[in-house]
Amino acid sequence: MSKLNLSKYSDSLKENTTLVFFIQRLNELLFDYTLDTFKPRALNTILLCEELLNVIEEIEKQIIDEKNIEHIFNELKWSFKSDPVAKEIIGDRRNDYLDSVDIKDLPKLKLSISLLKNKLGDFNYLDKSKETIISLIQTKSPEKRKIEKITSSLITGLIDLGYNKSYIHKKFNEYFVRFDGVRNDLDFINDFFNSFNYQNQNFTVVFKAQIFFEKFKDSCQSFRLSITHDLSSYFAKESLNDYCKGFIDKKRHNQVYIVAENIIELDEESARLEVLGRIEKISNLFVFFHHKQNPTWNSTGLLITVDDEDSIVDSTIISSSTPILHKTLDLTPSKASVELKKVLKKFGLESSSFRRFDTAIDLHASAVKNTEIQNQLLNLWIALETLITPNKSKSKIQNYSEIITNFLVYDYLERIFRYVTKALIRESNGLRAILTDNISGVMPLHEKVAILIVSPEYEELREQVYEKLENNELLIYRIKKLNKDFGKGKDVKKFIETHIFKTRLQLNRIYRTRNLIVHSGRVPSFTENLTENLHNYVDSFLKRIIDFSLENKRVNSIEQACLEMELLVSRYLKNIEANKDETITKENIESILFGIK
C-alpha cells in the first residue's frame, strides 16, 4: 500500500473521498509488491465462465478429470453473487443460468454457461465496469466496497484481454501521478479508461544481442526475427525520439540488432515480451543442438509504433519490468546473510527430508532464474511434489491442497495486520507513538495495530488515527472493514473459511494448469497470475519448514513439519469455534485472531 501524493489535485477533488479511494485502490492493485490478498484476482466472473467452458472441452477430450467441474462452478456462483456489474447486466435471471443447472449434464451446462458468457460479453462487461466507476465517483457514492470489487474485476479483465499489467501501471502513473498542471475536474478518468480501447497496434521491435546470433540468423527467420548491423532499411533514424536515437548509437561493435516487424499487440510491453519470447525459443532450440554456448541479448528494447501505411507514429525505449517471481518482499542482503548462516549452522532435518528439501530449493532457484512462465510454474509445482509425501487414501490434489492450505492459513491474519501496520507507520511517524503510548504490554507492533482496529474499547483511539490519516481513504476503509470483519470469534471463523475456500480453488486451478501444460502444451492466459501465487505458496512452505527446524529442532522431518502445522491449525480453528460468540478484546485477541495461547 504505497503512499500517494495528491498535491496536484484541486481541493474539490481531494474532498471527493470516493475519487481518492479509487485512485489509491487502483495504485495498490497495480503495485508489484502489494500483499497477494489485495492484488487482482486471477479470474473475474466472465473469465470463470470462459474457464468452465475450456475445462468442459478438456474433459470431453479426456485430458482432465470431470471432478474439476464442481470446483469452478462453485467459484463462478460465488463470484457472481458478489459481482455488482454481472448482477446489473443479468438482473434477476441468475437462477436461469446457475442455480437450476445440473453440472452432471455437461451438454446442458456448456450451453447455459455459453449463454451467460454471451450475455455478459467481454467488452460490454468492461465498459459497464468503467461507466459504473465513473458514476460512483461523480455522485461521491459512499459504496467503497462496490468500487473496490468493480475496480479489481476491471483490472483482471484488462490483463486477460491482453494488456500487460506494467503497461496499465504506466498509464496509471501518466494520468494520476506524473502529469503536468493541476487536476480540477474528472475528465482525466475518462481519458485514462479511453486509453484502453481494445484496439491492437502494429509494432516494430528492436533488441541488441551478441554477434553470435549471426551464426544462426537463417534459423531466426523461422521465428520472424531478422539479424542485422544496419537498421536503415527498416526505418529512418531521424524520425525517432532523441533517446531512441541514443539506443541505436550506443550499439557496440560486438553486437547485432534483432528486429521483429508487424508485432500486433495491445501495448508496447506486450509487444516487447512477445519478441523476447521468440528470442528465448530460438535460443533454447540452439542450445539443444549446441550445449557449449548460450546466446545472450539485452532485454531493453526499442519499440516503434507504425500506422497502416507503415509510417512511424511513436517510438520509445522499454526496459525490463519486474519479473513475476521477483514480486515478493525479500529480506535485505544483510538480513538474508544472517538467516543463511543460521540455516547452515542449525538446520536439522534428517537425511531423507534434507535431500527432498535441498532438491526443492534447487527447483525454486531454477524457477526464479527461468524467464518462461510455464517452466516457472512447472518447476515450482514439482518442488511441492518433492516435499509432500503421497497419501494413498487421498487424491494427489486433495493431499497437496490440504497440506499447503494449512501452511497458508496459520499466519494469514498476521500477514494482513503486518501489511496494514507498515502502511500506517509509512503514513505518519506519529501513529507509532499513538500505538505505543495508548496500548500497553510487551508485544509486536502488528498485534497492537490489531488491538487498535478490532477491540471495541479503542473506538476513540481509532478516531484519532483517522484524523492522522487525512486523505488516505484506502487505509481508513481497510481499518473499518477489518473492524467489521473481526467483531466476534464467528467472524474470524467465516473469514478464515473463505480464505481456505479461495486458496483451495486456486490450488486446484494451478494443478489443472500444470496438467494442461504437460498433456496438451496449452498455457492459459492467467498462468502468470497463478505462477505468482504458487511462488508465494512455495516460499511460505519452505520458510515454515526452516522455522520449525531451527526452533530448538522442534521437527526433524518434513512429515513432522506437516503434522505439526496440521495440529496447530486444527487447534486454532477449534479455539475460534469455542469462542465464536465472544467479542474480540485486548485480552483474547492473541488467542482468537492469531492462534497464540
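Residues numbered from 1 in each chain as written. Predicted model: local features only at pLDDT ≥ 70, side-chain atom pairs only at ≥ 80, totals over all residues. Heavy atoms only, no water.

### Considerations on the sheet that holds strand β3 (residues 255-265)
Taken together, the five strands give an open sheet; going across it, the order is β2-β3-β1-β4-β5, and neighbouring strands pair in antiparallel fashion. Edge positions in the sheet fall to β2 (226-228) and β5 (312-318), since each of these pairs with one other strand and no more. Taking each pair of neighbouring strands and ignoring which way they run, the sheet shows an average axis angle of 25 degrees. Here nine bridges tie strand β1 (residues 201-210) to β3, and the two strands are oriented antiparallel to one another. From the neighbouring strand, Q210 faces β3, where its bridge partner is Q255. Together, β1, β3, β4 (301-306) and β5 form the strand contacts of helix α13 (residues 242-249), whose direction differs from that of β5 by roughly 60 degrees. (Pairing = 2+ DSSP bridges. Helix = DSSP H or I, 4+ residues; strand = E, 2+ residues; numbered from the N terminus. Axes fitted to C-alpha atoms, helices over the stretch in contact; angles between N-to-C directions. Contact = heavy atoms within 4.5 Å.)

### A short note on the packing of helix α2 (residues 17-30) against helix α23 (residues 473-485)
Helix packing geometry: the angle between the two helix axes and the distance between the axes. Interhelical geometry of α2 versus α23 gives an angle of 85 degrees and a closest axis separation of 8 Å. Considering the angle they form, α2 stands roughly perpendicular to α23. Counting all contacts with α2, which are made through T17, V20, F21, Q24, R25 and E28, the residues of α23 involved are E473, L474, Y477 and R478. (Parallel < 35°, antiparallel > 145°, perpendicular 65-115°, else oblique.)

### Structural notes on the packing of helix α3 (residues 45-60) against helix α24 (residues 489-520)
Axis separation between α3 and α24 bottoms out at 13 Å; the angle between their running directions is 45 degrees. Classed by the angle they form, the pair α3 and α24 counts as oblique. Crossing geometry of α3 relative to α24 is assigned as left-handed. Residues L48, E51, V55 and E58 of α3 touch α24, and the partners they reach there are R509, R512 and L516. Partitioning the contact of α3 with α24 into residue classes produces three nonpolar, no polar and four charged. (Left-handed = near helix turned anticlockwise from the far one by under 90°. Nonpolar A, V, L, I, M, F, W, Y, C, P; charged D, E, K, R; others polar.)

### A closer look at the packing of aromatic side chains
Counted under the stated rule, the structure contains 29 aromatic pairs. Relative to F188, the ring of Y9 lies with its centre 5.9 Å away and its plane at 65 degrees, an arrangement referred to as edge-to-face. Taken as a pair, Y9 in the segment before α1 (11-14) and F188 in helix α11 (residues 187-194) lie far apart in primary sequence, 179 residues in all. Using a relative accessible area of 4% as the deciding quantity, one classes Y9 as buried. Ring geometry for F22 and F193: centres 6.3 Å apart, planes at 65 degrees, overall edge-to-face. Taken together, the residues F22 in helix α2 and F193 in helix α11 connect sequence positions 171 residues apart. Note on accessibility: F22 and F193 belong to one class, buried. Here the aromatic cluster, defined as three or more aromatic residues joined through ring pairs, consists of Y9, F22, Y163, Y167, F172, Y175, F176, F179, F188, F192, F193 and F196. (Phe/Tyr/Trp six-rings, centres within 6.5 Å; stacked < 30°, edge-to-face > 60°. Buried < 20%, exposed > 50% of the residue type's maximum accessible area, 1.4 Å probe, protein only.)

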